[in-house]
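Here's the letter readout for the chains.
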Amino acid sequence: MGTSQAAVSNMESGRTLPTLSVLERFAEATGRPLTIVVGAPSRLAGRDERRRRVRLVLGDYRFDPWERRPSKVEAQSLEADGLTRERFEGSRAAEGRRH
Amino acid sequence: VSDSKARELLKVAGTESRRLERHLLVAAALREILSSDPIVVGGTAEEYWTADEYHQSDLDICVPLTRGDEAALRRFGFRKRGRHWSLDLASAIVAVEFPDSRIDGDESRTVEPRIGPGRPRIIGLDDLYLDRLRQATMSTHEGVEFHSALAVVAAAHDEIDWGYVRKRLRKIADDDPALGDPMKRLDSRIRGRVRRVLSEPS
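Residues numbered from 1 in each chain as written. Chains lettered and ligands numbered in written order. Predicted model: local features only at pLDDT ≥ 70, side-chain atom pairs only at ≥ 80, totals over all residues. Heavy atoms only, no water.

## Looking at the confidence of the model for chain A
(1) Moving on: Averaged over every residue, the pLDDT of chain A is 80; residues scoring 70 or more account for 79%.
(2) Moving on: Element-level pLDDT for chain A is lowest in helix α1 (residues 5–13) of chain A, with a mean of 71, against a maximum mean of 96 in helix α4 (residues 72–80) of chain A. (pLDDT = per-residue confidence, 0-100. Helix = DSSP H or I, 4+ residues; strand = E, 2+ residues; numbered from the N terminus.)

Below, the structure is given as structure tokens:
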């Protein structure tokens, strides 16, 4: 394909980025066409769909940051966002009454 | 290091009411402040990938932290408090922890989503799952770590690179069977449960 073994090795290992014309010669030399896709949408489901699936699988289970024994600064951080211990204790009590 | 970009990101973080986005904006600012590229792991990464309310208590970041980095953190208003570096924002406190210098996994699988004016770097989905799986083996009951691993698979079962996961599980089991074998059993249990629940008619 008109290039050195070292250049091919650098390209394969990711040390150099080949130009389109080098890729074209590479494809011709190996007899295998190359397909490059740019700007393809993410296969990851949207936030709502991911959350729906998680809730379906986790059921009534709710993550409680206070179970993870937060440090003093973590506790202050949670409380500043209204994620108080009382709020989660309330949820646990309500869940307990349902069961 | 870009002081002005970091300050802009921290300013926006200070006005952000959503906890996840605020943490990710601080993570994006840390990319400008620190000398190596920091990667978000732990609960913040979990909440990003699952979109569920994990309620991360801190922002876990993997980066080798140098003395120069510590001085830079202080210059931007971070204070060392125990194992955390805390940052007081207008109406919030962000607690940052640097648990490891590198992620346990493949750095090329990280993602850099756009969050407002920033682009934090977040551990890849496959490595996050393996990390949650590893932690779930530490407990004998189905606690937060188990549900955390379950949530990752529930959210993104079709997107996880299972070939990569299997390869890494085999390597862990070869190196340390006491860890790898329980991880493989848990992986099988978690995937089975997710498949069963999601295939049930709703």
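Read on for the rest.
## Here's the deal with the nonpolar core
Across soluble globular proteins, you tend to see nonpolar side chains buried next to one another.
(1) Moving on: The biggest cluster of nonpolar side chains holds 73 residues, and the ones touching the most others in it are Val26(B), Leu30(B), Ile33(B), Phe78(B) and Val96(B).
(2) Moving on: In terms of residues, this core owes the most to one element, helix α6 (residues 144–156) of chain B, which gives 10 residues.
(3) Moving on: In this structure, Trp66(A), Ala75(A), Leu78(A) and Phe88(A) belong to the second largest nonpolar core, which totals 5 residues. (Core = buried A, V, L, I, M, F, W, Y, C linked by side-chain atoms within 4.5 Å. Buried < 20%, exposed > 50% of the residue type's maximum accessible area, 1.4 Å probe, protein only.)

## Let's talk about the side chain of Asp126(B)
Residues and elements named next belong to chain B.
(1) Moving on: Position of Asp 126 among the secondary structure elements: in helix α5 (residues 125–136).
(2) Moving on: Look at Asp 126 and you get buried, because its relative accessible area is 7%.
(3) Moving on: A polar contact of 2.8 Å, which involves the side chain of Asp 126, links it to the backbone nitrogen of Asp 161.
(4) Moving on: Aside from chain neighbours lying at most four places away, what touches Asp 126 is Arg 109, Glu 159, Ile 160, Asp 161, Tyr 164 and Val 165. (Polar contact = N/O pair within 3.5 Å; in protein donor to acceptor, adjacent residues only side chain to side chain. Contact = heavy atoms within 4.5 Å.)

## A look at the side chain of Asp69(B)
Residue and element names in this part refer to chain B.
(1) Moving on: Among the secondary structure elements, Asp 69 is positioned in helix α4 (residues 67–75).
(2) Moving on: Put simply, Asp 69 is tucked away with no salt bridge, and the nearest opposite charge, on Arg 75, sits 8.6 Å away.
(3) Moving on: At a separation of 2.8 Å, a polar atom in the side chain of Asp 69 contacts the main-chain amide nitrogen of Ser 35.
(4) Moving on: When neighbours within four sequence positions are excluded, Asp 69 is seen to be in contact with Leu 34, Ser 35 and Pro 64. (Lys, Arg positive; Asp, Glu negative; His and termini not counted. Salt bridge = Lys/Arg side-chain N within 4 Å of Asp/Glu carboxyl O.)

## Here's the deal with the layout of surface pockets
Residues and elements named next belong to chain B.
(1) Moving on: Of the pockets and cavities examined, the largest pocket occupies roughly 690 Å³.
(2) Moving on: If you trace the largest pocket, you find 33 residues lining it, with Gly 42, Asp 60, Asp 131, Arg 132 and Gln 135 closest to the centre.
(3) Moving on: Secondary-structure elements contributing two or more residues to the lining of the largest pocket are α3 (42–50), β2 (59–62), α5, α6 and α7 (162–175).
(4) Moving on: The dominant element in the lining of the largest pocket, judged by the number of residues it contributes, is α5, at 6 residues.
(5) Moving on: Of the residues contributing to the lining of the largest pocket, the split by class is 11 nonpolar, 6 polar and 16 charged. (1 Å grid on protein atoms, 1.4 Å probe; cavity = no way out; pocket = protein on both sides within 12 Å on 5 of 7 lines; lining within 4 Å. Points joined across faces, edges and corners; volume = space filled by probe spheres on them. Nonpolar A, V, L, I, M, F, W, Y, C, P; charged D, E, K, R; others polar.)

## Notes on the interface of chain B and chain A
(1) Moving on: If you look at the interface, chain B gives 40 residues, while chain A gives 28 residues.
(2) Moving on: The largest share of the area that chain B buries against chain A comes from Asp52(B), His55(B) and Glu159(B), three residues that together contribute 19% of it.
(3) Moving on: Here chain B is connected to chain A by 5 salt bridges.
(4) Moving on: A salt bridge links Asp81(A) to Arg19(B), with the shortest nitrogen-to-oxygen separation between them at 2.6 Å.
(5) Moving on: If you look at where chain B meets chain A, you find 14 residue pairs in polar contact (both at pLDDT 80 or more).
(6) Moving on: Among the secondary structure elements, those contributing two or more residues to the side of chain B that touches chain A are α2 (19–33), α3, β4 (84–88), β5 (93–97), α6 and α8 (177–199) of chain B.
(7) Moving on: For the side of chain B that touches chain A, the residue count by class is 18 nonpolar, 11 polar and 11 charged. (Buried area = accessible area lost by both parts, 1.4 Å probe.)

## Looking at unusual backbone geometry
(1) Moving on: Phi is positive for Arg69(A), which is not a glycine, with a value near 50 degrees.
(2) Moving on: Mapped onto the elements of the fold, Arg69(A) is located in the loop between α3 (47–58) and α4.
(3) Moving on: Since its relative accessible area comes to 74%, Arg69(A) is described here as exposed.
(4) Moving on: The phi dihedral of His55(B) falls on the positive side, at around 60 degrees, and the residue is not glycine.
(5) Moving on: Looking at where His55(B) falls in the secondary structure, it is placed in the loop between α3 and β2.
(6) Moving on: The exposure class assigned to His55(B) is buried, which follows from its relative accessible area of 10%.

## Brief notes about α2(B)
(1) Moving on: If you check α2(B), its first and last C-alpha atoms are 21 Å apart, about what 15 residues at 1.5 Å a residue would give, namely 21 Å.
(2) Moving on: Burial analysis of α2(B) places 13 of its 15 residues in the buried class, the great majority of the element. (Expected span 1.5 Å × (residues − 1).)

## Considering the packing of α7(B) against α8(B)
Residue and element names in this part refer to chain B.
(1) Moving on: Contact pair α7 / α8: the axes reach a minimum separation of 6 Å and the direction vectors enclose 150 degrees. As summarised for this structure, α7 and α8 are arranged roughly antiparallel, according to the angle between their axes. As for how α7 packs across α8, the hand of that crossing is left-handed. Counted together, Trp 162, Leu 169, Ile 172, Ala 173, Asp 174 and Asp 175 of α7 and Pro 177, Leu 179, Gly 180, Asp 181, Met 183, Lys 184, Asp 187 and Arg 191 of α8 form the full contact between these two elements.
(2) Moving on: Of the residues assigned to the contact of α7 with α8, the class counts are 7 nonpolar, 1 polar and 6 charged. (Axes fitted to C-alpha atoms, helices over the stretch in contact; angles between N-to-C directions. Parallel < 35°, antiparallel > 145°, perpendicular 65-115°, else oblique. Left-handed = near helix turned anticlockwise from the far one by under 90°.)

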